[in-house]
Amino acid sequence: ARLFVNASQTRPIPDTLFGIFFEEINHAGAGGLWAELVSNRAFISGFEAGGQNIPSNIDPWSIIGDESSLIVSTDRSSCFERNKIALRMEVLCDSQGSKVCPTGGVGVYNPGFWGMDIKQGKTYKIVFYIRSLGSVNLSLSLTSLELLHSDVSNWTKVESLLEAKETNHNARLQLTTTKKGVIWIDQVSAMPLDTHKGHGFRNELVQMLVDIKPRFLRFPGGCFVEGEWLRNAFRWKESIGPWEERPGHFGDVWMYWTDDGIGYYEFLQLSEDIGALPIWVFNNGISHQDQVDTSSVLPFVQEALDGIEFARGDPNSTWGSVRAAMGHPKPFDLRYVAIGNEDCGKKNYRGNYLKFYEAIKLAYPDIGMISNCDGSSHQLDHPAEFYDFHVYTSASSLFSMAHQFDHTSRDGPKAFVSEYAVTGKDAGTGKPFGSTCRSWVPSWSRKEQVDVVSMASYAPLFVNSNDRRWNPDAIVFNSSHVYGTPSYWVVNFGNNSVKLKISVDGLDPNSIKLSGSTKTVLTSSNLMDENSFKEPNKVVPNRILLENADKDMDVVISPHSFTSFDLLKESNLSRWKKLIHSQDPLFKK
Ligand code: AHR
């Protein structure tokens with residue numbers, strides 16, 4: 001095979017092409033990117049829809065003690081108006097007398113999201129609210145004990161910094177007492193002090209994002225935005241403000257409770273922190289099972305307008321001032337919003353869409369709006385700056401779609417391929433050769449397509465290995481470890497090695513030497529190899545110096561590999577040296 005590269009006829013790929021899509025799926029946020037260690041910190045329903053309106057299920061909180069020493073229940077006595085449920089512990093034993101408490105006391109513990117990861121020497125901030133009719137004597141423990149004695153007849157906020165005395169990947173937070181009486185507890189939080197930029201995100205997970213240099217962050221879903229039913233959809237106004245006041249909600253598509261610690265504000269903050277443009281997907285009055293009629297959709301439209309004002313309004317505006325009070329007076333750089341997720345074709349989509357589009361265009365003419373309808377094969381029947389394109393299919397059919405956008409009109413809206421992955425039999429759980437998909441995206445960067453596809457993101461991004469709702473995913477983690485699947489790193493497919501002649505034309509004749517060029521290869525000897533917590537680097541890219549780099553060269557592409565050639569003109573040698581000296585982690589001598 002022969003590959004001709006004309007260096008004088010290059011076209012820049014859109015600056016925004018590569019980004020990420022974060023969805024609250026697989027415990028990606030709650031018990032994942034959001035560093036909160038306590039699961040169900042408000043003692044609200046753990047596993048059922050209905051939230052505050054059904055008898056509380058305090059799972060995964062568990063009781064320390066037996067029925068003769070402790071009665072645990074919940075009631076609606078919290079000091080937080082939007083979050084009324086609190087834990088009630090009636091302690092029947094005492095440090096002395098007829099019913100003596102067991103050693104260590106009685107109370108409750110929280111195991112976190114499948115075990116709290118506590119590291120020796122690190123500090124954890126514990127916060128909770130407590131009330132009791134008498135004075136209390138409460139022990140607080142992660143890996144060591146802290147004692148609290150006080151009079152808390154009114155709800156009282158307790159804050160404590162605990163330094164871990166040992167490392168434990170499976171720690172739990174305990175609240176115990178040896179004193180008879182009734183204690184109410186609410187809003188219990190345990191956060192490591194060192195989160196990414198101090199903004200509450202788990203460092204090593206954010207680092208995985210920073211390393212792929214995403215230019216945009218689409219959030220917070222996916223189906224999570226729609227909800228199975230509208231009453232369980234993500235509502236941005238419920239997800240902002242003090243964390244204690246956020247009611248949280250049951251995500252009824254991916255079937256778990258989230259306290260919305262990672263809310264609308266946090267998503268905007270995360271985008272800013274990782275240098276990505278935020279792309280907010282909001283509910284357009286349509287869920288999987290129910291829809292708001294276009295004639296009644298205005299409250300949803302107003303909610304979206306308020307959300308845009310919250311993100312980018314003046315700090316003196318109604319919603320901009322709420323953002324400023326949360327610590328970000330400067331507007332966030334919100335330039336794109338998506339009107340719904342995968343709703344095209346549903347009865348009210350077009351009507352609802354137009355209401356949103358018109359109102360937002362009027363108030364924010366510069367905002368790029370993303371329609372759910374596919375504009376790649378025919379013209380949209382409604383105005384849009386972008387259209388959303390999702391594809392989950394087999395490796396072979398994904399490759400056959402390399403020409404998907406060849407005939408798309410150049411004058412219409414641009415494609416935003418916001419979800420793509422190889423799924424099905426040839427995908428496995430992130431196996432390399434079922435993970436061909438990220439190499440599919442650059443194929444649109446051929447000159448025929450570069451002006452049509454402007455943004456693309458793999459999906460889903462994260463999976464907590466304890467709650468795999470969707471396979472495969474790009475990044476796998478548990479409470480203490482993380483690795484990227486080959487999809488994270490990019491892998492190509494094909495059974496045979498390919499001898500390739502590369503001819504580079506159009507180089508400046510004064511600097512045609514390509515010394516310093518490199519080849520980066522991602523491959524593995526075994527087709528079904530995948531990464532794991534034990535071997536996180538089994539399938540990762542390796543970079544080597546390309547010895548024979550010249551304007552005409554013979555190279556061999558290994559089977560089942562993804563190979564990238566970075567041809568560097570001699571004049572760029574100093575850049576290369578800098579790369580090596582900066583200890584490029586991919587570089588192998
Ligand atoms: O990425 C997983 C799901 O796939 C998303 O929630 C949805 O948009 C798509 O159907």
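Remember, it's a predicted structure, so these values are computed and weren't measured experimentally.

About the criteria used
- Residues numbered from 1 in each chain as written.
- Predicted model: local features only at pLDDT ≥ 70, side-chain atom pairs only at ≥ 80, totals over all residues.
- Near = placed C-beta within 6 Å.
- Nonpolar A, V, L, I, M, F, W, Y, C, P; charged D, E, K, R; others polar.
- Domains from an automatic or database assignment.
- Contact = placed C-beta atoms within 7 Å.
- pLDDT = per-residue confidence, 0-100.
- Pairing = 2+ DSSP bridges.
- Helix = DSSP H or I, 4+ residues; strand = E, 2+ residues; numbered from the N terminus.
- Axes fitted to C-alpha atoms, helices over the stretch in contact; angles between N-to-C directions.
- Left-handed = near helix turned anticlockwise from the far one by under 90°.
- Parallel < 35°, antiparallel > 145°, perpendicular 65-115°, else oblique.
- Core = buried A, V, L, I, M, F, W, Y, C linked by C-beta atoms within 7 Å.
- Buried ≥ 20, exposed ≤ 12 C-beta atoms within 10 Å, placed from the backbone.
- Expected span 1.5 Å × (residues − 1).
- Arc of directions from axis to C-beta.

Chemist: I would appreciate a short explanation of the site of the ligand in the present structure.
Modeler: With respect to spatial proximity, the complete set of residues near the ligand consists of Glu 23, Ile 25, Gly 221, Gly 222, Cys 223, Asn 341, Glu 342, His 390, Glu 419, Ala 459, Pro 460 and Trp 470. Grouping the amino acids of the shell around the ligand by side-chain chemistry returns five nonpolar, four polar and three charged.

Chemist: When you look at the domain arrangement of the chain in this model, what are you seeing that I'm missing?
Modeler: Often the size quoted for an interface is simply the accessible area lost on bringing the parts together. We note that the domain assignment places domain 1 (20-35 + 197-489) and domain 2 (51-192) within the chain. Each of domain 1 and domain 2 was reduced to a C-alpha centroid, and the two centroids are 36 Å apart. On the side of domain 2, 15 residues touch domain 1, which itself brings 14 residues to the contact. Within the side of domain 1 that touches domain 2, the residues separate by chemical class into three nonpolar, nine polar and two charged.

Chemist: Help me understand the confidence of the model for the chain, please; the structure alone is not making it clear to me.
Modeler: Taken over all residues, the pLDDT of the chain has a mean of 87, while the share at 70 or more is 86%. Overall fold confidence for the complex sits at a pTM of 0.87, while the interface term, ipTM, reaches 0.99.

Chemist: Please clarify how the sheet that holds strand E15 (residues 216-219) should be interpreted in this entry.
Modeler: Backbone hydrogen bonds hold the strands of a sheet together, and the pairing may be parallel or antiparallel. Judged by pairing direction, the sheet is parallel, and its eight strands sit side by side in the order E2-E15-E18-E19-E20-E21-E22-E23 without closing on themselves. Lying at the two open borders of the sheet, with one neighbouring strand each, are strand E2 (20-21) and strand E23 (453-458). Of the strand pairs in this sheet, strand E20 (residues 368-371) and strand E21 (residues 386-393) are connected by two bridges, and their pairing is parallel. Within the sheet, the bridge partner assigned to Ile 370 lies in E21 and is Phe 386.

Chemist: Even after reading the chapter, I still don't get the packing of helix H4 (residues 298-312) against helix H6 (residues 349-363), so can you show me in this structure?
Modeler: Each packed pair of helices is defined by two parameters, the angle between the axes and the distance between the axes. Look at H4 against H6: their axes get within 10 Å of each other, and the N-to-C directions meet at 35 degrees. Once H4 is placed against H6, the crossing between them reads as right-handed. Between H4, through Val 301, Ala 304, Leu 305 and Ile 308, and H6, the contact on the second element is made entirely by Lys 355, Phe 356, Ala 359, Ile 360 and Ala 363. In the contact of H4 with H6, the residues fall into eight nonpolar, no polar and one charged.

Chemist: Any chance you could explain the packing of H4 against helix H5 (residues 318-325) here in plain terms?
Modeler: H5 packs onto H4 with a crossing angle of 45 degrees between their chain directions and a minimal axis gap of 7 Å. Considering the angle they form, H4 stands oblique to H5. Our pair here, H4 against H5, has a crossing hand that is right-handed. Residues Asp 306, Glu 309 and Phe 310 of H4 form the contact with H5, whose own contacting residues are Thr 318, Trp 319, Gly 320, Val 322 and Arg 323. Split into classes, the residues belonging to the contact of H4 with H5 amount to three nonpolar, two polar and three charged.

Chemist: Sorry if this is basic, but what is going on with the nonpolar core here?
Modeler: Proteins that are soluble and globular tend to have nonpolar side chains buried together. Within the largest apolar cluster, 132 residues are counted, with the highest numbers of intra-cluster contacts made by Leu 87, Ile 185, Ile 370 and Leu 461. Here this core spans two domains, since at least three of its residues come from each of domain 1 (20-35 + 197-489) and domain 2 (51-192). Other than its neighbours up to four places away in sequence, Leu 87 contacts Phe 43, Ile 58, Val 72, Thr 74, Val 108, Trp 184, Ile 185 and Asp 186. Formed by six residues, the second largest nonpolar core is a distinct cluster that contains Leu 546, Ala 549, Phe 565 and Leu 567.

Chemist: Got a minute to help me understand H6 in this structure?
Modeler: Spacing of three or four residues puts side chains on the same side of an α-helix, whose turn is 3.6 residues. Helix length check: H6 (15 residues) gives 21 Å between terminal C-alpha atoms against 21 Å at 1.5 Å per residue, within 8%. When we look at burial in H6, the residues that qualify are Tyr 349, Asn 352, Tyr 353, Lys 355 and Phe 356. All buried residues of H6 lie within an arc of 160 degrees about the axis, which places them on one face of the element. Among the exposed residues of H6, those oriented more than 90 degrees off its buried face are Glu 358 and Leu 362. Considering only its buried residues, H6 is in contact with H4, strand E19 (336-339) and E20.

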